[in-house]
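The chain contents come next:
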Amino acid sequence: MNVLFIVPPEIYSIESYTSDKIIKTREFRPRLGILYVAGYLRDKMGIIPAIVDCPAENIDIKDIKNIIDKYDPDIVGLSVLTFNLLDCLEVARRIKKIKRDIKICFGGFHPTLYPKETLNFESVDFVVVGEGEKPFTQLIDRLTKDKNCNDLQDISGIGWKDTSGKINLNAPGEVTPNLDVLGLPAHDLIDLSKY
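Here's what I pulled together on the structure shown here. (Residues numbered from 1 in each chain as written. Predicted model: local features only at pLDDT ≥ 70, side-chain atom pairs only at ≥ 80, totals over all residues. Heavy atoms only, no water.)

## What about the pairing of strand β3 (residues 75-79)?
Each regular strand displays side chains that alternate between the two surfaces of the sheet.
Reasoning step 1: Of all five residues making up β3, four are buried, and the element is well covered by its neighbours.
Reasoning step 2: The pairing of β3 with strand β4 (residues 103-107) spans five bridges and is parallel. Paired with Ser79 across the two strands is Gly107, which belongs to β4.
Reasoning step 3: Crossover handedness for the path β3 to helix α5 (residues 85-98) to β4: right-handed. (Buried < 20%, exposed > 50% of the residue type's maximum accessible area, 1.4 Å probe, protein only. Helix = DSSP H or I, 4+ residues; strand = E, 2+ residues; numbered from the N terminus. Pairing = 2+ DSSP bridges. Right-handed = clockwise from strand over helix to strand, strands pointing away.)

Listed below in structure tokens is the structure:
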């Protein structure tokens, strides 16, 4: 199974006013949430996901088709904050136009707070609620066995749309008290010189 994580290009600005001085000195930082999920997925399943950080790599929204053509993913994961929700939705919409059967999974703070509302967006197939390492890896394991799996009720911390379009939300996932069991973030999957 080909797994791709995308940090979307910054298209729509939903944030408070920031002075030009701060904007000019802004730097990119690796997305630790994605790196932890990628590292856990690799450690537990041997799947090495690709990570494309559009802002850090100076990739424009017009280049999404090239990214999809290059990586040919089965599933694309996006870490969604309310501030980048519109950017993530635009990426998801474009991916679905390119290849409808690519699965889209939103994780992060926004879908954790608003899982049902997030799943109501047409281009979103799955959400991960809370910590993403274990639920996302279990989801990938299930989809590896059956790409059109419709029974995900036993995976805590996810929501999904079934084949009829009905939204399903499972119980929240467990909180990991000892973060050492999750392993290290997969810093080797990105070019650290860009951060």
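Alright, that's what it looks like, and here's the rest.
## Side note on empty space enclosed by the protein
Reasoning step 1: Tallying each qualifying case throughout the model produces one cavity of 30 Å³ or more.
Reasoning step 2: Size it by volume and the largest cavity reaches roughly 40 Å³.
Reasoning step 3: What lines the largest cavity is Val7, Pro30, Arg31, Ile34, Leu35, Ile51, Asp53, Ile190 and Tyr195.
Reasoning step 4: Within the residue set of the lining of the largest cavity, elements represented by two or more residues are α2 (32-45) and β2 (50-53). (1 Å grid on protein atoms, 1.4 Å probe; cavity = no way out; pocket = protein on both sides within 12 Å on 5 of 7 lines; lining within 4 Å. Points joined across faces, edges and corners; volume = space filled by probe spheres on them.)

## Topic: helix α4 (residues 64-71)
Reasoning step 1: Burial in α4 covers these residues: Ile64, Ile67 and Ile68. Along α4, the residues classed as buried sweep out an arc of 95° about the axis, all on the same side. Exposed side of α4, more than 90 degrees from the buried face: Asn66 and Lys70 are the residues found there.
Reasoning step 2: On its buried face, α4 sits against β1 (3-7), β2, α3 (54-57), β3 and α5.
Reasoning step 3: The positive-phi residue at the C-terminal boundary of α4 is Asp72, with phi of around 45°. (Arc of directions from axis to C-beta. Contact = heavy atoms within 4.5 Å.)

## Here we look at the packing of α2 against helix α8 (residues 133-145)
Reasoning step 1: Axis separation between α2 and α8 bottoms out at 9 Å; the angle between their running directions is 50°. As summarised for this structure, α2 and α8 are arranged oblique, according to the angle between their axes. Considering only the axes of α2 and α8, their crossing is right-handed. Mapping the contact onto sequence places Tyr36, Val37, Tyr40, Leu41, Lys44 and Met45 in α2 and Glu133, Lys134, Phe136, Thr137, Ile140, Asp141 and Thr144 in α8.
Reasoning step 2: Residues belonging to the contact of α2 with α8 are distributed by class as follows: seven nonpolar, two polar and four charged. (Axes fitted to C-alpha atoms, helices over the stretch in contact; angles between N-to-C directions. Parallel < 35°, antiparallel > 145°, perpendicular 65-115°, else oblique. Left-handed = near helix turned anticlockwise from the far one by under 90°. Nonpolar A, V, L, I, M, F, W, Y, C, P; charged D, E, K, R; others polar.)

## Brief notes about the nonpolar core
Reasoning step 1: Ranked by size, the top nonpolar core spans 26 residues in total, and within it Ile6, Val76, Leu78, Ile95 and Phe106 carry the most contacts.
Reasoning step 2: Only β1, β2, α4, β3, α5 and β4 provide two or more residues apiece to this core.
Reasoning step 3: Here the element with the most residues in this core is α5; it accounts for six residues.
Reasoning step 4: The residues touching Val76, leaving out its near neighbours within four places in the chain, are Leu4, Ile6, Ile68, Ile95, Ile102, Lys103, Ile104 and Cys105.
Reasoning step 5: The next biggest cluster of nonpolar side chains, apart from the first, holds 25 residues, and it includes Val3, Leu41, Leu139 and Leu152. (Core = buried A, V, L, I, M, F, W, Y, C linked by side-chain atoms within 4.5 Å.)

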